[in-house]
Amino acid sequence: MKRVVLIAGLAFLYLPLLIVAIYSFNASRLVTVWAGFSTRWYGELFADQQILRAAGLSVIVAALSATVATGLGTAAGIALARFGRFKGRLALTGLLAAPLTMPEIVTGVSLLLLFVAMEQAFGFPARGIVTLVIAHATLGLPLVAVIVQARAGAQDRSLEEAAADLGAKPATVFWRIVLPLLMPAVASGWLLAFVLSFDDLVIASFVTGPQATTLPMVVFSAIRLGVSPKINALATLMLAATAVALVLAALLARRDSARQAIAQSTVGVK
Amino acid sequence: MKLSGRRKLVLAGPWLWLILFFLAPFALVVKISLAQAELGVPPYTPLLDAAGHIQASLANYALLFTDDLYLRAYWGSVRIAALATAFALLLGYPFAYAIARAPASRRSFYLLLAIAPFWTSFLVRIYAWMGLLRPGGLINTTLQSLGLIDAPLKLMNTEAAAVFGIVYAYLPFMVLPLYARLEKLDVSLLEAAADLGATPWRAFRAVTWPWSLPGVWAGCLLVFIPALGEFVIPELLGGPDTLMIGKVMWSEFFTNRDWPLSAAITVVLLVMLVAPIVAFQAAARRNEAA
Amino acid sequence: MSVITVESVSKRFGDVVAVDNVSLDIAQGEFVALLGASGCGKTTLLRLVAGLDKPDAGVIRIDGHDVTGTPPYARPINMMFQSYALFPHMTVAENVAFGLKQDSLGGEDLRTRVDEALSLVEMRDLGGRKPQALSGGQQQRVALARCLAKRPKALLLDEPLAALDKSLRERTQLELMALRRRLGIAFVFVTHDQDEAMTMATRVAVMDKGRILQIASPRDLYARPASRAVAAFFGDMNIFDGLADAQGVAVPALGRRLPRASHYPTGPVAVAIRPEDISLGGNEAITVPGTVSDVIYRGAISTVLLRNATGAILRVTVNGPTPSVGDAITVSWAQSAMLVLP
């Protein structure tokens, strides 16, 4: 019985995705009729300059925003795990939980209004890559913080005490012991923040400028018009890319505690 | 506890970032919701006019509460989000239970499998269902070739499709907190209940269900909150007849370029979300304490 | 000259007094055990000496210098953690080198010192391994080498053998003792195991509720416990309440008065008799009749439980044939075998 539920649940989650992947290799333009195996749509996909440009922009934005999010989120995560019951801790925890539960249209419109007001007041930032990076970093920061906090909290404090006992000053303890041990969590946080940014349509639609169109925005306007084999191919590639990123993140976070942290942080996302 | 200068510096980064890019914008949303749309850059009237008088009006809010399009859209969002939450619970509970009762060595692997789809592109997941649900899609063609139906069923562009899409997209949010709770249930309690003569159903009602309630709450809120403001799913699966506030806000913003009205819509949505978000944070804290 | 001096040190965590006005003097070359049940403050005391916690009151000196406000990284002593706290992202050799690098050692000197420390614990061949690839016993040796490489003035060990299985524990006890003799520095270790404390230490400090109850050589501690609490710590001691006055000690549980000796305290006391000091039959000065309620067979020796007329139970160690359950017998002990404790 439990097995049946398990298999049915997983099938429900994965079958639709599998069908998209299968039909991306369909030779026919008619998406429902199987006309033999072909990689023709992948060829067309790689000839589409608009899609390639958008994909390139999405990768750049995702990498930059994940990096900013990782820097700030690691600091927040370490602070929450290690600074004791400092003043403002509860407020910070609440503030970190909020961006992850907020509907995207709310975050999107409020960030846009901020960017417009800033541009009016200081002439900066122009809408485009910079605003996309800031928006996505805001989204990724709490995610990284949750993952790093979980790992730092689970880390054996006696390792740091031992380092101090062996003569290491606090700065040495941080750079030689604390940070290297947190690296797997930091790296998987970066990857997940990357995925979050790469996947975002709604917030990007609000904050971007006319010159910067991300991949999800291109995909969205294409699938509004209906299902097409080329989009099947693109969807399959995106599935494959996230699968690789996830496997990587899971391998980096081999320890159970970190794996659970990824799971738990997923709760907070979106 | 007092923080050293170095620690204050560590905290300053995330604090300033979140205040500037997350909290401060809400004040702007409120401010602009009191303005009027006009042609120009930016497309709204300034708070202070040339003479230095404050130009604030509640006209946008008045419109929201008089034009029944908006009221119906808010109601539609609440109804669809609530329905989707209920179905997600119905599907997610047995699923989470099955994972939590799987052999310990495989649990975290199953959990990862259940959550992984969340990390794949949201658009791709909705797109997959478009391919299945549309008139010439796999479900209709299969049913037709089996002779079960003559004409294709209207599966897509219905409110049901929107509900279904939300359930599919947000199922991991339901499964995760439920699993976290159910996994900690002491199985010997159920064995004791069985030993004392309770049928499995009564044991479930007396032991498992009450124990899992915090997880149920957390899961429901995690599905309900983002679903309330959902735009992509009703747009792609719900079709023109499905009215949700996210869609209305999107078209006011991008099609009509009425930023002040969109801001007012957002403020009302935020007010609606305050209660569930506070409830969620309280539930999360209780879970952490337990 | 004493290498570690603890003067009236106190430490509280919230409402709990972990260390309560403790003074302690440890001389060079000593092997001191801090013995007590969990929560008695022994580990806190060790951490205060290492500098990992700061005392609320009192002074700590190392080699005569006041180090009370000195951070752990500037104290010339090292501590081995119960969990060993080996850095998982470094090899064995890198672990050992870590402390030396903090003293700006490098190049050939560093290599020699690492080699030396690893040789000391016979781990030279495994320098390239990661700690996770080692057995528990090997990890313990690496942790030891990492401390000793720094040539500390004293070594602190927190439950050094707790993570080892029984057979390995005995061997390691002997190795630690040999190592301490060879290096000639003071070892201070925390343990909850009285056998371990008695076997290894030259002096044992028995702790309870943040205080040192008694500090003495294992022999003295066994023969002359200073209080009922210390006596209760060691094995199967028979302990009864009594009331001492000028004439003698009244012990209700034994249903009799015991004769008075000169060095007894007066007032409420505890009377303690070791099971092995009691013999079957009435040959000794103090006799107690009773019924055998149980016989516990333990191989070479057995323990006989005797219930007397008042219902009190006496444990008697028997070396040879034992009486049967239900037998009415008499046991006795010498006046000198009896301890009267405050």
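All residue numbers here refer to positions counted from 1 along the written sequence of the relevant chain. Chains and ligands are labelled sequentially in the order written, the chains with letters from A and the ligands with numbers from 1. Thresholds applied to this predicted model are a pLDDT of at least 70 for local features of residues and 80 or more for the giving and counting of side-chain atom pairs; totals over whole chains, interfaces and linings are not thresholded and use all residues. Based on all heavy atoms of the structure, the side-chain values leave hydrogens and waters out of the count.

Novice: Let's hear about the overall build of chain C: which residues, and what values?
Specialist: Counting from the N terminus, the helices are the DSSP runs of H or I reaching at least four residues and the strands are the DSSP runs of E reaching at least two. For chain C, the count of helices and strands is 8 helices and 20 strands. Dimensions of chain C, computed from the C-alpha atoms along their principal axes, are close to 75 × 45 × 35 Å. To sort residues, take the accessible area from a 1.4 Å probe on protein chains only and compare it with the maximum for the residue type: under 20% means buried, over 50% means exposed, and anything in between is partly exposed. The proportion of buried residues among the 342 residues of chain C is 50%. Throughout, a contact is declared for two residues whenever any of their heavy atoms are within 4.5 Å. Taking as baseline every contact in chain C between residues at least 6 positions apart, the subset at least 24 positions apart corresponds to 65%. Just so you have it, chain C exposes about 15200 Å², and 50% of that area is on carbon and sulfur atoms. Charge assignment in this entry is limited to Lys and Arg as positive and Asp and Glu as negative, and neither His nor the chain termini are counted. We put the charge of a Lys on NZ, of an Arg on CZ, of an Asp on CG and of a Glu on CD. Here chain C contributes 37 positive and 35 negative side-chain charges, whose respective centroids are spaced 2 Å apart. Note on areas: Shrake-Rupley, 1.4 Å probe, and residue coverage restricted to the protein chains presented here.

Novice: How would you summarise the domain arrangement of chain C if you had to cite specific residues and measurements?
Specialist: Residue and element names in this part refer to chain C. Per the domain assignment, the segments making up chain C are domain 1 (2-228) and domain 2 (236-341). When each unit is reduced to the centre of its C-alpha atoms, the spacing between domain 1 and domain 2 is 40 Å. Listed as interface residues are 6 residues of domain 1 and, on the opposing side, 7 residues of domain 2. When domain 1 packs against domain 2, the two sides together hide about 590 Å² of surface, and 52% of this comes from carbon and sulfur. The term buried area denotes the loss of accessible surface (1.4 Å probe radius) that occurs when two parts are joined, taken as the sum for both partners. The largest per-residue losses of area from domain 1 upon contact with domain 2 belong to Tyr222, Pro225 and Arg228, which jointly make up 84% of the total buried on that side. The salt bridge definition used is simple: a Lys or Arg side-chain nitrogen within 4 Å of an Asp or Glu carboxyl oxygen. Residue Asp241 is joined to Arg228 by a salt bridge in which the shortest nitrogen-to-oxygen separation is 2.6 Å. Just so you know the grouping, Ala, Val, Leu, Ile, Met, Phe, Trp, Tyr, Cys and Pro go in nonpolar, Asp, Glu, Lys and Arg go in charged, and all remaining residues, Gly too, go in polar. Looking at the side of domain 1 that touches domain 2 residue by residue, the classes come out as 4 nonpolar, 1 polar and 1 charged. Delimitation of the domains relies on an automatic or database domain assignment.

Novice: Account for the interface of chain A and chain C, naming residues and giving values.
Specialist: Contacts between the two partners involve 18 residues from chain A, matched on the other side by 22 residues from chain C. Across the chain A-chain C interface, the total number found is 1 salt bridge. As a salt-bridge pair, Arg47 of chain C and Glu161 of chain A come within 2.6 Å of each other at their nearest N and O atoms. N or O atoms closer than or at 3.5 Å make up a polar contact, with two conditions inside protein: a donor-capable atom paired with an acceptor-capable one, and, for residues adjacent in sequence, both atoms drawn from side chains. Viewed at the interface, chain C and chain A are joined by 8 residue pairs in polar contact (both at pLDDT 80 or more). Broken down by secondary-structure element, the contributors of at least two residues to the side of chain A that touches chain C are helix H7 (157-165) and helix H8 (170-199) of chain A. Element by element, the count of residues in the side of chain A that touches chain C is highest for H7 of chain A, at 7 residues.

Novice: Report on the sheet that holds strand S16 (residues 286-298) of chain C, specifying residues and quantitative values.
Specialist: All names here are of chain C. Taken in spatial order, the 5 strands line up as S15-S19-S16-S17-S18 in an open sheet, and their pairing is antiparallel. Two strands lie at the open edges of the sheet, namely strand S15 (279-280) and strand S18 (313-318), each paired on one side alone. In terms of strand pairing, S16 meets strand S19 (residues 328-333) through 6 bridges, oriented antiparallel. Across the sheet, Ile286 pairs through a bridge with Trp333, a residue of S19. Paired strands, as defined in this entry, are two strands with at least two bridges between them according to DSSP.

Novice: How would you explain the packing of aromatic side chains if you had to name every residue and give the values?
Specialist: Any aromatic ring pair is given by two values, namely how distant the centres are and how the planes are angled relative to each other. Two aromatic rings from Phe, Tyr or Trp, using only the six-membered ring of Trp, form a pair when their centres are within 6.5 Å; if the ring planes differ by under 30 degrees the pair is stacked, by over 60 it is edge-to-face, and anything between is tilted. Taken as a whole and assessed by the stated rule, the structure comprises 35 aromatic pairs over all chains. With a centroid separation of 5.6 Å and 45° between ring planes, the pair formed by Tyr170 of chain B and Phe173 of chain B is classed as tilted. Here Phe173 of chain B and Tyr170 of chain B lie together in helix H7 (residues 159-183), a separation of 3 residues that amounts to about one turn. Per residue, the accessibility class of Tyr170 of chain B equals that of Phe173 of chain B, and both read buried. Ring centres 4.5 Å apart and planes at 45° place the aromatic pair Trp250 of chain B and Phe254 of chain B in the tilted group. Separated by 4 residues within a single helix, Trp250 of chain B and Phe254 of chain B lie in helix H11 (residues 245-254), roughly one turn from each other. Ring pairing ties together the aromatic residues Phe206 and Phe220 of chain A together with Tyr44, Phe231, Trp250, Phe253, Phe254 and Trp259 of chain B, which thus form one cluster.

Novice: How would you sum up the side chain of Arg107 of chain B? Please name residues and give values.
Specialist: Residue and element names in this part refer to chain B. Of note, Arg107 is situated in helix H4 (residues 104-119). A residue is classified by how much of its surface remains accessible, and Arg107, at 17% relative accessible area, is buried. Discounting chain neighbours no more than four positions away, the residues touching Arg107 are Ile99, Ala100, Ala102, Tyr179 and Glu183.

Novice: Give a description of the sheet that holds strand S12 (residues 248-251) of chain C that names residues and reports values.
Specialist: Residues and elements named next belong to chain C. Spatially, 5 strands are ordered S13-S12-S11-S14-S20 in an open sheet, and the strand pairing comes out antiparallel. Of all the strands in the sheet, just strand S13 (256-259) and strand S20 (338-341) have a single pairing partner and so form its edges. Each neighbouring strand pair of the sheet contributes to a mean axis angle of 35°, computed without reference to strand direction. Pairing between strand S11 (residues 238-244) and strand S14 (residues 267-273): 7 bridges, direction antiparallel. Paired with Asn238 across the bridge in S14 is Ile273. All axes are obtained by fitting lines to C-alpha atoms, using only the stretch in contact for helices, and the reported angles, taken between N-to-C directions, cover 0 to 180 degrees.

Novice: An account of the pattern of salt bridges is needed here, citing residue identities and associated values.
Specialist: By the definition in use, this model includes 21 salt bridges over all chains. In this structure, the salt-bridge partner of Arg257 of chain C is Asp245 of chain C, at a minimum N-O distance of 3.0 Å. One end of the pair, Arg257 of chain C, is in strand S13; the other, Asp245 of chain C, is in the loop between S11 and S12, and 12 residues separate them in sequence. Classification of Arg257 of chain C as partly exposed rests on a relative accessible area of 42%. Residue class for Asp245 of chain C comes out partly exposed when judged on its relative accessible area of 30%. Sharing partners across several salt bridges, the network here consists of Glu161 of chain A together with Arg47 and Asp53 of chain C.

Novice: Which residues make up the packing of helix H5 (residues 104-122) of chain A against helix H1 (residues 5-33) of chain B, and what values do they have?
Specialist: Running from N to C, H5 of chain A and H1 of chain B point in directions that differ by 85°, and their axes come no closer than 8 Å. In terms of orientation, H5 of chain A and H1 of chain B fall into the roughly perpendicular class. In this structure, H5 of chain A contributes Val106, Ser110, Leu111, Leu113, Leu114, Phe115, Ala117 and Met118 of chain A to the contact, and H1 of chain B contributes Leu20, Phe21, Pro25, Phe26, Leu28, Val29 and Ile32 of chain B. Split by residue class, the contact of H5 of chain A with H1 of chain B holds 14 nonpolar, 1 polar and no charged. By the definition adopted for this analysis, an angle is roughly parallel if under 35 degrees, roughly antiparallel if over 145, roughly perpendicular if from 65 to 115, and oblique otherwise.

Novice: So what's going on with the interface of chain A and chain B? Which residues, and what values?
Specialist: Tallying the contact residues gives 91 residues for chain A and 87 residues for chain B. Here chain A and chain B share an interface that buries about 8200 Å² over both sides, 81% of which is from carbon and sulfur atoms. In this assembly, chain A and chain B are joined by 1 salt bridge. A salt bridge links Glu235 of chain B to Arg224 of chain A, with the shortest nitrogen-to-oxygen separation between them at 2.7 Å. Counting across the interface, chain A meets chain B through 7 residue pairs in polar contact (both at pLDDT 80 or more). Class assignment of the residues belonging to the side of chain A that touches chain B gives a composition of 65 nonpolar, 16 polar and 10 charged.

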